[in-house]
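Per-entry structural report
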Amino acid sequence: MQNHRASIADLAKALNLSPSTVSRALNNHTTISAATRQRVQELAEQFNYHPNHLAASLRTGRSKLLGVLVPHIEGTFFASVVHGIETVASKAGFRVMICQSNEEVEQEKSNIDTLINAQVEGILVSLSRTTHDTRHFEKVRKRGIPLVFFDRMLETPNVNAVVLDDYQGAYQATTHLIEQGCRRIAHFAGPQHLNIYRNRRLGYLAALNTYGLPEDDALVITSDMKLADGTAGMAQLLALPPAQRPDGLFSASDFSLVGALQTLKAHGLQVPQDMLLAGFSNEIFTSFTEPRLTSVDQRCEQMGQEAVRLFLEILEVGTVEHQPRRVVLPPQLLPRESSVRP
């Protein structure tokens, strides 16, 4: 059996039992005697037998498999979302199949095909940064597979999604900087075709408007939100004439924020004495930088849990009868030393 994956037929032949008897014994069926069940299970362990879930799904029409598609597993956010997904999914009897798009739309399309071919009963997805054309999700709908977006979602009607109130989170972070005395607040913005970054920019602008502060296009820098983008973005801001430089920065990502912190230190500037900083996502490293970085917590584990609950709701009602809805989670601003005046 070393070079051959043991099957129910192999066990049945070795024990001189019918395959159906072996199958029931493996599932602890009460119609099979305790002695026979013990014989079957001991041999299964000896043969290192593992059930073929795909074959079982073909027989029952249920795979009990939930597909999850994320842009990446780097950092805290998506890893924590996946943890929340697996917690609720496993309690409901589902196994989770995880794919990464690596922020590439072509990989995202390929992953969707992979999940469909794996006969998943639902797909939870957060869009890649490069996704503009979203027609590949139509094949999911046409097959009647429940589809739930989380964090980054389609901006179309009749979409099931679990998102954070990014607008409110950005408004809170920018307001906090203003209340700490900032009057020229820069913003590192992400790709504006994605709902999360567009709403964070709108929240930033709304806070400026509330406090009567002018908008300045020179203080808004759009990028892919990577650490290197933050390094370059801060260098661009420091190249402005002294009177036009910002005294605060709200970044739509913690990754670009830590890049900005590195540039400030390289120029001999101090945080928060020379500039106040606030970010978004509450990545784990924000608590270990010097100084610690203010950030907006995204309720990531709760987001994953709610996404599975919404999927289960759709599965119970049916994709045709279910009325699409959006679950919006409240953000939480976590002020730390980077944004508090000494």
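Scope of this entry: the structure provided in the associated data block. Please read all numbers here as calculations on a predicted model, not as lab measurements.

Turning our eyes to something else, we now look at the nonpolar core. Grouped burial of nonpolar side chains is what soluble globular proteins tend to show. Counting 43 residues, the largest nonpolar core has Ile123, Phe149, Met234, Leu249 and Leu277 as the members making the most contacts within it. Among all residues touching Leu249, those that are not within four sequence positions of it are Leu177, Ile185, Ala186, His187, Phe188, Met234, Leu257, Ala260, Met275, Leu276, Leu277 and Ala278. Ile85, Phe94, Phe150 and Ala173 belong to the second largest nonpolar core, which has 42 residues in total.

Judged by pairing direction, the sheet is parallel, and its four strands sit side by side in the order E7-E6-E8-E9 without closing on themselves. In this open sheet, the two edge strands, each paired with only one partner strand, are strand E7 (220–222) and strand E9 (276–278). Geometrically, the sheet is characterised by an average inter-axis angle of 15° between neighbouring strands, direction not taken into account. Sheet analysis places strand E6 (residues 185–189) next to E7, joined by three bridges and oriented parallel. Across the sheet, the residue bridging to His187 is Val220, located in E7. The sheet strands contacting helix H10 (residues 227–238) are E6, E7 and strand E8 (248–251), and the helix crosses E6 at an angle near 150°.

Another point: the packing of helix H2 (residues 19–26) against helix H3 (residues 34–46). Orientation of H2 relative to H3, taken along the N-to-C sense of each, is 90°, at an axis distance of 9 Å. In terms of orientation, H2 lies roughly perpendicular with respect to H3. Contacts between H2 and H3 pair Thr21, Val22, Ala25 and Leu26 from the former with Thr36, Arg37, Val40, Gln41 and Ala44 from the latter.

Here we take up the pattern of salt bridges. Pairing of side chains with opposite charge becomes possible as their charged atoms draw close. Applying the stated criterion across every chain, the model contains 12 salt bridges. For Glu106, the salt bridge identified is with Lys109, shortest N-O distance 3.4 Å. In this pair, Glu106 and Lys109 both sit in helix H6 (residues 105–117), three residues apart, roughly one turn of the helix. When its relative accessible area of 27% is taken as the criterion, Lys109 is described as partly exposed. The salt bridge partner of Glu155 is Arg198, with a shortest N-O separation of 3.0 Å. With Glu155 in the loop between strand E4 (147–150) and strand E5 (160–164) and Arg198 in helix H9 (residues 195–210), the pair connects residues that are 43 residues apart, well separated along the chain. Members of the salt-bridge network, linked through shared partners, are Glu103, Arg129 and Arg152.

Definitions and limits used
- Residues numbered from 1 in each chain as written.
- Predicted model: local features only at pLDDT ≥ 70, side-chain atom pairs only at ≥ 80, totals over all residues.
- Heavy atoms only, no water.
- Core = buried A, V, L, I, M, F, W, Y, C linked by side-chain atoms within 4.5 Å.
- Buried < 20%, exposed > 50% of the residue type's maximum accessible area, 1.4 Å probe, protein only.
- Contact = heavy atoms within 4.5 Å.
- Pairing = 2+ DSSP bridges.
- Helix = DSSP H or I, 4+ residues; strand = E, 2+ residues; numbered from the N terminus.
- Axes fitted to C-alpha atoms, helices over the stretch in contact; angles between N-to-C directions.
- Parallel < 35°, antiparallel > 145°, perpendicular 65-115°, else oblique.
- Salt bridge = Lys/Arg side-chain N within 4 Å of Asp/Glu carboxyl O.

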